[in-house]
Amino acid sequence: MATLMTIFDALQLPELEVDLTFSEWMAQIWVDAGIMRWPLGACVAIGAVVIIWKFFDVFMKSTATRKILREVDELLAQSQLKDALELTRESNAPAANILHAGLERSDEGTDRVMKAIENQGLIELSKLESGLVILATLTNVAPLLGFLGTVMGMIEAFQAIELAGEVDATTVAGGIKIALTTTAAGLAIAIPVSIAHNYFVSRIDSLVIDMEESAQKMIDAVFSMQVGRAAGD
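Being a predicted model, the structure only gives us computed values, none of them experimental. (Residues numbered from 1 in each chain as written. Predicted model: local features only at pLDDT ≥ 70, side-chain atom pairs only at ≥ 80, totals over all residues. Heavy atoms only, no water.)

Draft legend 1. Examining the overall build of the chain more closely. Scanning the chain for helices and strands turns up eight helices and zero strands. Of the regular secondary structure in the chain, the N- to C-terminal order runs α-α-α-α-α-α-α-α. With 233 residues in all, the chain has 36% of them scored as buried. A separation threshold of at least 6 residues defines the contact pool for the chain, and within that pool the share at least 24 residues apart is 76%. When the accessible surface of the chain is totalled, it reaches about 14,000 Å², and 64% of it is carbon and sulfur. (Helix = DSSP H or I, 4+ residues; strand = E, 2+ residues; numbered from the N terminus. Buried < 20%, exposed > 50% of the residue type's maximum accessible area, 1.4 Å probe, protein only. Contact = heavy atoms within 4.5 Å. Areas by Shrake-Rupley, 256 points an atom, 1.4 Å probe, with all protein chains shown as cover.)

See the structure below:
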């Protein structure tokens, strides 16, 4: 502990007035991150690609799902199961695939309909959640890479002290700079990725609730038709 205090006391440097543009500042951070810039840079690239892809994927599926649910609900309210079946067959929205699986078995009873909906629902949910595991992994890995860079930077600083035989600001500044830069970079990557991950999870949960409500309406319509047929017989 005394050694660390000595190091930080030696680093009491006068303030430097440096006027850097954003691109120059980012380039400086890239250089200061040392060897850890490559895995951290990979995290940034992968995270950006997945977030952009997932944003458009969820937006398009959400729009298509709400459209098909509105149209199917209108048909189910009128007990037009055949028309609803044709409508869901023509759409590739997650809700359409789920409802289509149930409507295909509308003549087999509500139990078969519910089973078909559950099976297809698991498939569609896995498709909606694709890519989220990557964001969750980046949220955990990016800070760990930053902390690894911190440890490596501190090792470099102490090695410099060992070789020099004395504590000097210029001797240890490089290692400590790497340590602090990588930690900040890891956290700066993890925070927006975590926010994006939670946003997508909330959007998907909202879609799932809408699909469950529509599926329940379909089951009620099938049950009503069964009751009507039984009464007619």
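Draft legend 2. Molecular detail of the pattern of salt bridges. Inspection of the entire model under this criterion finds nine salt bridges. The partner of E71 in a salt bridge is K67, and the shortest N-O contact between them spans 3.0 Å. One end of the pair is E71 and the other is K67, both in helix α3 (residues 37–77) and four residues apart, which spans about a single turn. Given a relative accessible area of 45%, K67 falls into the partly exposed group. Between R105 and E104 there is a salt bridge, with the nearest N and O atoms lying 4.0 Å from each other. (Salt bridge = Lys/Arg side-chain N within 4 Å of Asp/Glu carboxyl O.)

Draft legend 3. Up close: helix α5 (residues 94–103). Judged by how many residues are buried, α5 sits mostly within the fold: 10 of 10 residues are covered. The set of residues buried in α5 consists of P94, A95, A96, N97, I98, L99, H100, A101, G102 and L103.

Draft legend 4. Molecular detail of the nonpolar core. With 41 residues, the main nonpolar core has I68, V72, L76, L103, I117 and M218 as its most contacted residues. Of all the secondary-structure elements, those providing two or more residues to this core are α3, α4 (81–90), α5, α6 (110–128), α7 (132–164) and α8 (169–232). If one sorts the elements of this core by residue count, α8 sits on top with 13 residues. The contact partners of L103, leaving out residues within four places of it in the chain, are L76, L81, A84, L85, T88 and M218. (Core = buried A, V, L, I, M, F, W, Y, C linked by side-chain atoms within 4.5 Å.)

Draft legend 5. Focus on the packing of α3 against α5. Closest axis-to-axis distance for the α3/α5 pair is 7 Å, and the angle between their directions is 35°. Taken together, the residues of α5 that come into contact with α3 (itself represented by K61, T65, I68, L69, V72 and L76) are P94, A95, A96, L99 and L103. (Axes fitted to C-alpha atoms, helices over the stretch in contact; angles between N-to-C directions.)

Draft legend 6. Structural detail: the environment of E156. Position of E156 relative to the elements: it lies in helix α7. Considered as a pair, E156 and A179 are 23 residues apart in the sequence and their alpha carbons are 9.3 Å apart.

Draft legend 7. Region of the structure containing the side chain of T182. You can see T182 is positioned in helix α8. Within the structure, T182 has its side chain in polar contact with the backbone nitrogen of T150 (distance 3.2 Å). If we ignore the near neighbours within four places in the chain, the residues touching T182 are A33, M36, L40, G146, G149 and T150. (Polar contact = N/O pair within 3.5 Å; in protein donor to acceptor, adjacent residues only side chain to side chain.)

Draft legend 8. Geometry of the side chain of E124. Take E124: it is sitting in helix α6. When near neighbours in sequence (up to four residues on either side) are disregarded, E124 contacts P94, N97 and I98.

Draft legend 9. Main features of the layout of surface pockets. One number sums up the size of the largest pocket: a volume of about 420 Å³. Lining of the largest pocket is provided by 20 residues; of these, M26, I29, V44, A185 and I189 occupy positions nearest its centre. Sorting the residues of the lining of the largest pocket by element identifies α2 (22–32), α3 and α8 as the ones contributing at least two each. Examining the composition of the lining of the largest pocket, we find that eight residues originate from one element, α3, more than from any other. In terms of residue class, the lining of the largest pocket is built from 16 nonpolar, three polar and one charged. Taken as a whole, the second largest pocket holds about 330 Å³ of empty space. Looking at the second largest pocket, it is lined by 14 residues, and the ones nearest its centre are I98, I117, E118, G121 and E212. Among the elements of the structure, α6 and α8 are those that each provide at least two residues to the lining of the second largest pocket. Here the lining of the second largest pocket takes seven residues from α6, the largest share from any one element. Tallied by class, residues from the lining of the second largest pocket come to nine nonpolar, two polar and three charged. (1 Å grid on protein atoms, 1.4 Å probe; cavity = no way out; pocket = protein on both sides within 12 Å on 5 of 7 lines; lining within 4 Å. Points joined across faces, edges and corners; volume = space filled by probe spheres on them. Nonpolar A, V, L, I, M, F, W, Y, C, P; charged D, E, K, R; others polar.)

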